[in-house]
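Tertiary structure, described
For reference, the chains in residue letters:
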Amino acid sequence: MPKRLVAAAALSAMIFVPTPSARAADETPSLPHQEWSFDGVFGTYDRASAQRGFQVYKEVCSTCHPVKHLFFRDLADLGYSEDEVKAIASTYQVTNEQPNDQGEMYQRPGRPSDRIPGPFPNDQAARVANNGALPPDLSMIVKARDGGPDYVYAVLTGYKDPPAGFNLLQGMQYDEYFPGHQIAMPPPLSDGAVTFADGTPSTVPQMAHDVVTFLTWAAEPNLEPRHRTGLKVLLFLVIAAGVFYAAKRKIWATIH
Amino acid sequence: MADTRPGAASRIIRWIDYRLPFVAMLQHELYEYPTPRNLSYWWNFGSLAGIMLVVLIVTGIFLAMQYTPHAEYAFDSVERIMRDVDYGWLLRYAHMNGASMFFAIVYIHLFRGLYYGSYKQPRELLWILGVIILILMIMTAFMGYVLPWGQMSYWAATVITNLFSAIPVVGQGIVTFLWGGFTVGNPTLNRFYALHYLLPFVIVAVVLLHLIALHRFGSNNPLGIDMKGPQDTLPFHPYFTIKDLFGLVVFLLIYSFFVFYAPNFLGSTENYIPANPMQTPNHIVPEWYLLPYYAILRSVPNKLFGVILAFGSIFLLFLVPWLDTSPVRSARFRPIYKWVFWLLVIDVIALGWVGFNPPEGLVVTVGQIATLYYFVHFLILFPLLGKLERPRPLPLSIGTAVLQGGGAQLGRAGAPVANP
């Protein structure tokens, strides 16, 4: 038995040996870990932070980035009341899915059952407005990048002057954490860019933290029920394991 | 006096059983089925794999009710399952991580077979059916991975189907045939969906054959010697049903941890980006359970030869019962093979590491050495060891070994060689 354990330990050590990969080769510093309310087994979304994050998204990010997978009704999850959701939806103009009696498509105020409309009618329009670069959809961004929330936070706060001798292409910005360091997005956040209703000072790290909380919720809206259900399931299984182990011992007692 | 007349239910069962001996068969195969009394927990993985197959089929059927197999809608329909379908996130995460768990279980099951020589006479067909199941699993998993139509889905489909273009003359024609067009596209997605739904049921059929072959001679055991009578065996129920159940719960703990707390740990973040034929991800990697084959494929500079070796590494397993010339099954009594076995385990893990990393520098060298060793292990060491190695004496029977406190001790004490 011990031999097997030693072998198993050696093998698992091999798996976790740090590896010289392409990612390390372009000298991106490792991501600093932030404290997130949704971390860990008991993690939940900090509603106040997520609401502030939605405000940052709405007032800053949404000029270029859509959140295609979100509906206005989803915002109720963030602690908005039914009336608040209706009010938020009605501030947007959406194209009705069906034409009117004259056969024309028309715009109307948004309803909770509508998708949150993006800034551009299609990808090509988005490219034309952004120097040829396509601003990615943000509803999945946290799940679609290695490092998740830490990565998005790091990119948002990672704008710097390029080091001497760095060949920055025209129209690009230097970002410490963006792969290759050349990012087409101008620094989106600046101190005081939004005014939070709850009086939280709108510093760049604060806004980045809040918007990442919002975007993590947008990418994984079922994290809370998942964490809650998981806890019950694991608890049940731990007890079941104890019961079955005792039963096994009892049944086998006369054999050995 | 208790009423000993059979009740109505039991009379109905007897009536049916007389005409269709189904219950009798279950009684015989599950209840009385004699099982070696010394099976260790390494023998839990067969039943675990069977249960996992059922979990995957059930979650898969419910996912199929909500999924749209169309290049334009597939990605969004998966997101709809995650967001708007009741417990859709649970179904999808259970299915996604379930595939990983199924492979982990089957790989342990396979290595257990290699360690204890479970493929040796008279269980060669049992082993071969197992290898067929593994091949079907790989095909099913690959096609399932394409269905969400994310970046990695699309590019994995492109890379893997393109392997067939290495076949001389007809290669490109075969690839076009597989795609149903001139690139991976909607027809490809549609056929992969149809096949991904079909193949699991083919797996079920082969699993049934695997079970029939298993029940012909019963399980092998850690001593690798045959059962000689009732003193060597225990009825499957309740002894192994309870042992399997306990193992199942422990497994479910690990599985649940992934599903509820690390559902995307084993997946690729790239697959949450919708498929984009115009943009290749800078690092295309398959799921972890296919990494060793991928490493073998990339270790050879010549594409055709690489494809042959990668496929060969699996097909080689068909020959294992005849490549291993040792008359002794269990590695416990094979002083050299016991260590060589672990070299193969290390080798396969090294191949996995190579497959995960971009092929540069050290990774390439390790990949080539590990690929070479993989084939040397089966084609040279297996036949050679059987001839060179002097096995330790085997215990007389399972019963005597168990009652005297473990076969290994008995072997060391130098008991007579009963079954060379």
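Each value, and the rule that gives it
- Residues numbered from 1 in each chain as written.
- Chains lettered and ligands numbered in written order.
- Predicted model: local features only at pLDDT ≥ 70, side-chain atom pairs only at ≥ 80, totals over all residues.
- Heavy atoms only, no water.
- Helix = DSSP H or I, 4+ residues; strand = E, 2+ residues; numbered from the N terminus.
- Rg over C-alpha atoms; globule rule 2.2 N^0.38 Å.
- Buried < 20%, exposed > 50% of the residue type's maximum accessible area, 1.4 Å probe, protein only.
- Contact = heavy atoms within 4.5 Å.
- Areas by Shrake-Rupley, 256 points an atom, 1.4 Å probe, with all protein chains shown as cover.
- Salt bridge = Lys/Arg side-chain N within 4 Å of Asp/Glu carboxyl O.
- Disulfide = S-S within 2.5 Å.
- Expected span 1.5 Å × (residues − 1).
- Phe/Tyr/Trp six-rings, centres within 6.5 Å; stacked < 30°, edge-to-face > 60°.
- Lys NZ or Arg CZ within 6 Å of the ring centre and 35° of its normal.
- Polar contact = N/O pair within 3.5 Å; in protein donor to acceptor, adjacent residues only side chain to side chain.
- Core = buried A, V, L, I, M, F, W, Y, C linked by side-chain atoms within 4.5 Å.
- pLDDT = per-residue confidence, 0-100.
- Axes fitted to C-alpha atoms, helices over the stretch in contact; angles between N-to-C directions.
- Parallel < 35°, antiparallel > 145°, perpendicular 65-115°, else oblique.
- Nonpolar A, V, L, I, M, F, W, Y, C, P; charged D, E, K, R; others polar.

This next bit is on the overall build of chain B. A count of helical and extended segments in chain B gives 17 helices and two strands. A globule of 420 residues ought to have a C-alpha radius of gyration of about 22 Å, and chain B, at 24 Å, matches this closely. Residues classed as buried in chain B amount to 53% of the 420 residues present. A separation of at least 24 residues holds for 79% of the contacts in chain B among residues at least 6 apart in sequence. When the accessible surface of chain B is summed, it comes to about 19700 Å², and 72% of that surface belongs to carbon and sulfur atoms.

With that settled, the discussion passes to the overall build of chain A. Looking only at helices and strands, one finds eight helices and four strands in chain A. Listed N to C, the secondary structure of chain A is α-α-α-α-β-β-α-α-β-β-α-α in terms of helices and strands. Considering chain A as a whole, with its 256 residues, one finds that 40% of them fall into the buried category. For chain A, long-range pairs separated by at least 24 residues make up 59% of all intrachain contacts whose partners lie at least 6 apart in sequence.

Turning our eyes to something else, we now look at the pattern of salt bridges. Across all of its chains, the model carries 14 salt bridges over all chains by this definition. In this structure, Arg-52 of chain A and Asp-210 of chain A form a salt bridge, with 2.7 Å as the shortest nitrogen-oxygen distance. Taken together, the residues span a long stretch of sequence, with Arg-52 of chain A in helix H3 (residues 47-59) and Asp-210 of chain A in helix H7 (residues 204-219) at a distance of 158 residues. The two residues Arg-52 of chain A and Asp-210 of chain A agree in class, both being buried. The closest approach of N and O atoms between Arg-108 of chain A and Asp-114 of chain A, which form a salt bridge, is 2.9 Å. Per residue, the accessibility class of Arg-108 of chain A equals that of Asp-114 of chain A, and both read buried. One connected set of salt bridges, linked through shared partners, spans Lys-120, Asp-324, Arg-334 and Glu-389 of chain B.

All names here are of chain A. The full count for this structure, using the stated rule, is zero disulfides over all chains. The thiol of Cys-61 is unpaired, and the distance to the nearest cysteine sulfur, on Cys-64, comes to 9.2 Å. You can call Cys-61 buried: its relative accessible area is 15%.

Residue and element names in this part refer to chain B. In this model helix H9 (residues 186-217) runs 47 Å from its N-terminal to its C-terminal C-alpha over 32 residues, within 8% of the 46 Å that 1.5 Å per residue would give. Here H9 has its buried residues at Thr-188, Leu-189, Phe-192, Tyr-193, His-196, Leu-199, Pro-200, Ile-203, Val-206 and His-210. Looking at the buried positions of H9, the neighbouring elements they touch are helix H3 (45-64), helix H4 (74-83), helix H5 (88-115), helix H6 (124-146), helix H7 (151-162) and helix H8 (171-179). Phi turns positive, to about 80 degrees, at Gly-218, one or two residues after H9.

For any two aromatic rings, the description comes down to two numbers: the centre-to-centre distance and the angle of the planes. Inspection of the entire model under this criterion finds 45 aromatic pairs over all chains. One cation-aromatic arrangement involves Arg-52 of chain A over Phe-196 of chain A; the distance from NZ or CZ to the ring centre is 5.8 Å. Positioned above the aromatic ring of Trp-252 of chain A is the side chain of Lys-243 of chain B, whose terminal nitrogen or guanidinium carbon lies 5.3 Å from the ring centre.

Note: most peptide bonds trans; most residues except glycine with negative phi. Residue and element names in this part refer to chain B. Geometrically, the link from Gln-121 to Pro-122 is a cis peptide bond, its omega value of 5 degrees lying close to zero. On the secondary structure map, Pro-122 appears in the loop between H5 and H6. In this model, His-237 is joined to Pro-238 through a cis peptide bond whose omega is 5 degrees. Position of Pro-238 relative to the elements: it lies in helix H10 (residues 236-261). One non-glycine residue with positive phi stands out, namely Tyr-87, at about 55 degrees. Its place among the elements puts Tyr-87 in the loop between H4 and H5.

What follows concerns the interface of chain B and chain A. Across the boundary between the two partners, chain B contributes 47 residues, which contact 46 residues of chain A. The interface formed by chain B and chain A contains one salt bridge. With its nearest N and O atoms 3.2 Å apart, the salt bridge here joins Arg-73 of chain A to Asp-84 of chain B. The tally of links between chain B and chain A comes to ten residue pairs in polar contact (both at pLDDT 80 or more). Among the secondary structure elements, those contributing two or more residues to the side of chain B that touches chain A are H4, H5, H10 and helix H14 (337-356) of chain B. Counting residues per element, the side of chain B that touches chain A draws most heavily on H10 of chain B, at 15 residues.

Okay, the nonpolar core next. Counting 127 residues, the largest nonpolar core has Leu-114, Trp-127, Leu-134, Leu-317, Tyr-374 and Phe-378 of chain B as its most contacted members. The greatest single-element share of this core, amounting to 15 residues, is contributed by H6 of chain B. Residues within four places of Leu-317 of chain B in sequence aside, it is in contact with Leu-110, Trp-127, Val-131, Leu-134, Tyr-374 and Phe-378 of chain B. Formed by 46 residues, the second largest nonpolar core is a distinct cluster that contains Leu-70, Leu-78, Tyr-92 and Val-212 of chain A.

All names here are of chain A. Averaged over all residues, the pLDDT of chain A is 90; the fraction at 70 or higher stands at 89%. In the model of chain A, helix H2 (residues 22-25) stands out as the element of lowest mean pLDDT, 40, in contrast to H7, which has the highest, 98. Under a pLDDT of 50 for its full length, residues 1-6 has, in the predicted model, six contacts with residues more than four places off or in other chains. Considering only residues more than four positions removed or in separate chains, one finds that residues 8-25, a stretch of pLDDT under 50, has 16 contacts.

As a further point, take the packing of helix H11 (residues 291-299) of chain B against H14 of chain B. Residues and elements named next belong to chain B. Two numbers describe how H11 lies on H14: the axes approach to 7 Å, and their chain directions differ by 70 degrees. The orientation of H11 with respect to H14, classified from their angle, is roughly perpendicular. Residue-level inspection shows Leu-291, Pro-292, Tyr-294, Ala-295, Ile-296 and Arg-298 of H11 in contact with H14, the latter providing Val-348, Leu-351, Gly-352, Val-354, Gly-355 and Phe-356.

This part covers the packing of H11 of chain B against helix H15 (residues 362-388) of chain B. Residue and element names in this part refer to chain B. Where H11 meets H15, the axes come as close as 9 Å, and the angle between the chain directions of the two elements is 110 degrees. The angle between H11 and H15 falls in the class roughly perpendicular. For the pair formed by H11 and H15, the contact residues are Ala-295, Ile-296 and Ser-299 on the first element and Gly-367, Gln-368, Thr-371 and Phe-375 on the second. Among the residues forming the contact of H11 with H15, the class breakdown is three nonpolar, four polar and no charged.

So, about the confidence of the model for chain B. All names here are of chain B. Considering every residue of chain B, the mean pLDDT works out to 93; 95% of them sit at 70 or more. Ignoring residues within four places in sequence, the model shows residues 406-420, a span with pLDDT below 50, making 23 contacts including any to other chains. Both confidence scores are given for the complex: pTM 0.91, ipTM 0.89.

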